[in-house]
Amino acid sequence: MKLLYIYLILFVTLVFISCSKPSVEEIRLEGEWRVVLDSLNVGIEEGWAEQDLEGATIQLPGTLDDAGIGEENIQVPVMDNSVMWGLTRKHQYIGAAWYQKEVDIPANWEGKQIDLELERIIWESKVFIDGTLIGRGESLVAPHRYNLSEALTPGKHTITICIDNSNFYPLINVQGNRYPDPVNQDMAHAYTNHTQIKWNGIIGDIKLTASEADKIENLQVYSNVAEGTIKATFDNPSEAAVNYQILSVTGDVVAKGEVESGKDEISLSTPEGIKLWDEFDPNLYEFKLTSGNTSVSVRFGYSQIGKDGEVLTLNGKRIFLRGNLECVIFPLTGHPPMGKEEWAKLIGQAKAYGLNHLRFHSWCPPKAAFDAADEAGFYYQVELPHWSLHFGEDRRTTDFLLAEGDKILKEYGNHPSFVLMALGNELEGDVDLLNSTVAALRAKDNRHLYMTTTYSFQRPLGLVAQPEDDFFVTQRTDKGWVRGQGIFNSQVPNFDEDYTATSEHVPVPLISHEIGQYSVYPDMSEIEKYTGVLKPLNFMAVRYELEKNGLLDLADKFTYASGKLAAILYKEEIERALKTPAFDGFQLLQLQDFPGQGTALVGLLNAFWESKGAISAEEFRKFNSELVPLIRFEKAVYENGETFSATLEVANFYKELTGQSIKWSVANDAGEIMKEGNFDNIDLELGNNGNLGTIELDVNVDKAKRLTIEVALTGTSYKNSWPVWFYPKDVPITNENVVVTDSYSIAGKALKEGKTVLLNPDYKTLKGITGRFVPVFWSPVHFPNQPSTMGLLIDDKHAAFSDFPTGTFTEWNWWDLCIQSKSLIIDSLNVTPIVRVIDNFVTNHHLANVFEAKVGKGKLIFSAIDLSNNLNDRPVARQLRSSLLQYMNSSDFNPANSIQMSDLKVLAGEKSDKQFDDLDIYED
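Residues numbered from 1 in each chain as written. Predicted model: local features only at pLDDT ≥ 70, side-chain atom pairs only at ≥ 80, totals over all residues. Heavy atoms only, no water.

**Q** Explain the pairing of strand β16 (residues 229-235) residue by residue, including any values.
**A** Relative to β16, strand β15 (residues 217-224) runs antiparallel, the two sharing six bridges. In the strand pairing of β16, Asn224 is matched with Thr229. What sits between the antiparallel neighbours β15 and β16 is a turn of four residues, in which Gly228 has the positive phi angle 70°. Bridge analysis of β16 against strand β19 (residues 265-269) gives five bridges, and the strand direction is antiparallel. Within β19, the residue paired with Thr229 across the bridge is Ser269. (Pairing = 2+ DSSP bridges. Helix = DSSP H or I, 4+ residues; strand = E, 2+ residues; numbered from the N terminus.)

Written as structure tokens, this is what we have:
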């Protein structure tokens, strides 16, 4: 009897456990799928969905590239545009592919609404259940969703999905016609091989969900901080009552109530104690609706992006966007990450460098990216998935893009990080349609600010804000440049400039477009990092050329020196933006490398968001953060008798601060303080704080010096610094033991006599590359018609610089020397560069503009920098000439290499070439 009792208890317990087991509401479809390629598009005609497909297997989420399925790339690393366009897909497939999997639908799903979600696809899907076509979807920005309620009854079923990554709407893409393979010519980042690749597959969530047929959907939450209200709208097919709750992240109920039956909107005053969301305090809440047995919830932040006339605001306070482009650059996978952790890591690196904003160039990221930004307090600009020069020209394409805009608002509109939206990048076409489209989107969702196009080369579209623009992103206005690319090479360096004259008339918040684009030499150590679906044939081609040309041992120095030059240019770019009261932000192109469009290595970080060693996050944040000390001063170079004078200001986009103390100092390269001081009792308002004090220092030096001006907000980590150079006026520019001449004939005769010669021909007559201060713009492949050098590589310990303070890379004091020079190709000359010029990574020549050599019995320094003219007004050239002469008159001057005078003929231009005709002293 006792045993029977025990069995009875066990039976009841098992029945209870079975009955209390929660019903399955979701079936995840990750894992193994069968896949068959259909390059000839015969699958529909031959009824593939009705068959058990026999082919390869693939793991989804994933892509054909992940599985190594597709045409294998057999290219080799050669220096041409078919390789140098960007990273190379190891395998490639464009066309239809069929994916198939069996699924077992549980009995408790009977009568439920069953939905299939395919989170991200390029770019068409067709779904079949047991061979029957259920529907077709297309989107590059949003999940493909299907209602399978009628097709999926309890029991086993076959799901077949045909995905086609062909180019359905060619007009969404600008074409890069420099690239031989047509598949690599599409450049909009939602459909391209230049950043992400044209993958075929399914990434992100792949799942079936079961729910009540009358569930609440499309819950959207609207915060109005100015009026102190919160509104929620939703689709409610049921007549049942709806209850709402606002919950904190810890689950505490902040507010609750009930909605009248039949209503689909809730409006309430902002609950007491609810906190604002912004970059400093990213407070998040959950808005939850319950009706009967169903509930739905979304996360939101209580925030409101807006504008106060020309000023960009968040929650009624001014903000400044320190932005960077995000162009789907994920070189291991070729597609964006779909998990929040990966996005959180990327945003963490961006914030470490002082950024608070990403612009998604011609694409929209997945939900995980918004989730990570919401939690981090990070601002986004998203765009429709196109880069079109024909907007509005084709009705079918236009309808697709308009539908994509609606999907972006519905899918991601609740995220507080989603603050800005533009219709696309550098669009051209129907301006009236651009404006009316913006107006329509704003009418649907007023939680964001909208813009027609992120800049445009169509005039006057790109130069003036459009009637419907809430904000304006441009590289130049109708009054001139608002970024340094149009200025830094043509204007003498000065540091009291901003963009007020070209921007203060703009009637809406202004953000500068794609600033930077300073190319950095490829990092050869990066090659080994490409362990995913992409092969760095472009980097490998560069390495091969370097090795062939005997330059490989200098590659890491090229990367470092060109990176340091890019860093100082980015610094001045950013500081000018921060000094401009009419500015509301900037968008870098970019902090990390852009691997496509001709291998555009414009980043201070590589494509993996890793430092190249040119500048640390801590150093970058000094001039790129929420609070930046700034000074305005006239120039980089000063002479004896002058006064260095700088006006102090602070760009403060953090919070109002009162009674602050600011410390300043002037130190030499040994760290010795030459002068210092404080400005006390300073109140810092939100925004630009100018004329806070003046720093002055009389220039009184008998030897050239490089000095550092540092300004720091006392008691904080906020500090910034700038180099300046002080030169004496009276330095020797002749030496009785050195022949200084611009004549090959005179130089040749002196060298034959065993004399020491400084040969300084007119640089304009030399064969070589026009001297430039700024490095390659963007890419020497994408823009080949530019003087393509990448800065200087200097042996700063060389005795030639004993009286000329310099680093190993180009700084502002070299500006005049670079501009008034030629970069000489010295491949065929056995000479030692004193000032080496870094060639671009396509041509990879040995370049120099100052070198030394023995010639016959004599010793020579050849300078393609003008060291002869207007020296009274060119203190840097005067000082370099003096330092070279001192070196040439010392025992240190003993060139290691020898050449013949005739070897120099390869450098001479037509005007100077005739001087060699009179020389009979080519050889002893």
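After that view of the structure, there is still more to cover.
**Q** How would you sum up the sheet that holds strand β38 (residues 643-652)? Please name residues and give values.
**A** Spatially, the three strands line up as an open sheet ordered β36-β38-β41, and their pairing is antiparallel. Two strands in the sheet have a free side with no partner beyond their single neighbour: β36 (627-633) and β41 (687-698). Within the sheet, the average angular offset between the axes of one strand and its neighbour, ignoring direction, is 25°. Sitting on the sheet, helix α10 (residues 555-579) is in contact with β36, β38 and β41, with an inclination near 95° to β36. (Axes fitted to C-alpha atoms, helices over the stretch in contact; angles between N-to-C directions. Contact = heavy atoms within 4.5 Å.)

**Q** Residues and numbers for the layout of surface pockets, please.
**A** Here the largest pocket is characterised by a volume of approximately 1700 Å³. Mapped onto the lining of the largest pocket, the elements with two or more residues apiece are β9 (113-120), β11 (132-138), β12 (144-147), β14 (201-211), β15, β21 (294-300), α5 (367-376) and α6 (395-412). Element by element, the count of residues in the lining of the largest pocket is highest for β21, at six residues. Residues of the lining of the largest pocket, tallied by class, amount to ten nonpolar, 15 polar and 23 charged. (1 Å grid on protein atoms, 1.4 Å probe; cavity = no way out; pocket = protein on both sides within 12 Å on 5 of 7 lines; lining within 4 Å. Points joined across faces, edges and corners; volume = space filled by probe spheres on them. Nonpolar A, V, L, I, M, F, W, Y, C, P; charged D, E, K, R; others polar.)

**Q** With reference to specific residues and values, describe the side chain of Asn849.
**A** Its place among the elements puts Asn849 in strand β50 (residues 847-855). Residue Asn849 is classed as buried on the basis of its relative accessible area of 2%. Contact partners of Asn849, with chain neighbours within four places excluded, come to Leu792, Ser821, Lys822, Val835, Val837, Phe862, Ser863, Ala864 and Ile865. (Buried < 20%, exposed > 50% of the residue type's maximum accessible area, 1.4 Å probe, protein only.)

**Q** Can you explain the environment of Pro385? Please cite residues and give values.
**A** Summarising the element assignment, Pro385 is placed in the loop between β27 (379-383) and α6. If near-sequence neighbours (up to four positions away) are discounted, Pro385 is found in contact with Leu140, Val141, Ile172, Ala190, Ser362, Trp363, Leu401 and Glu404.

**Q** Residues and numbers for the nonpolar core, please.
**A** The tendency in soluble globular proteins is for nonpolar side chains to be buried as a group. Trp343, Tyr380, Phe644 and Trp814 are the most contacted members of the largest nonpolar core, which totals 208 residues. Ignoring sequence-local partners within four residues, the contact set of Tyr380 consists of Trp343, Ile347, His357, Leu358, Phe360, Ala369, Phe370, Ala373, Ser417, Phe418, Val419 and Leu420. (Core = buried A, V, L, I, M, F, W, Y, C linked by side-chain atoms within 4.5 Å.)

**Q** Quick one: what's the story with the pattern of salt bridges, residue by residue and with numbers?
**A** Going through the model one piece at a time under the given rule, you end up with 50 salt bridges. Among the ionic pairs, Arg28 bridges to Asp205, the shortest N-O distance being 2.5 Å. Here Arg28 is found in strand β1 (residues 26-28), whereas its partner Asp205 is found in strand β14, with 177 residues between them in sequence. By relative accessible area, which is 37% here, Arg28 ends up partly exposed. Between Glu138 and Arg136 there is a salt bridge; the shortest N-O distance is 2.8 Å. (Salt bridge = Lys/Arg side-chain N within 4 Å of Asp/Glu carboxyl O.)

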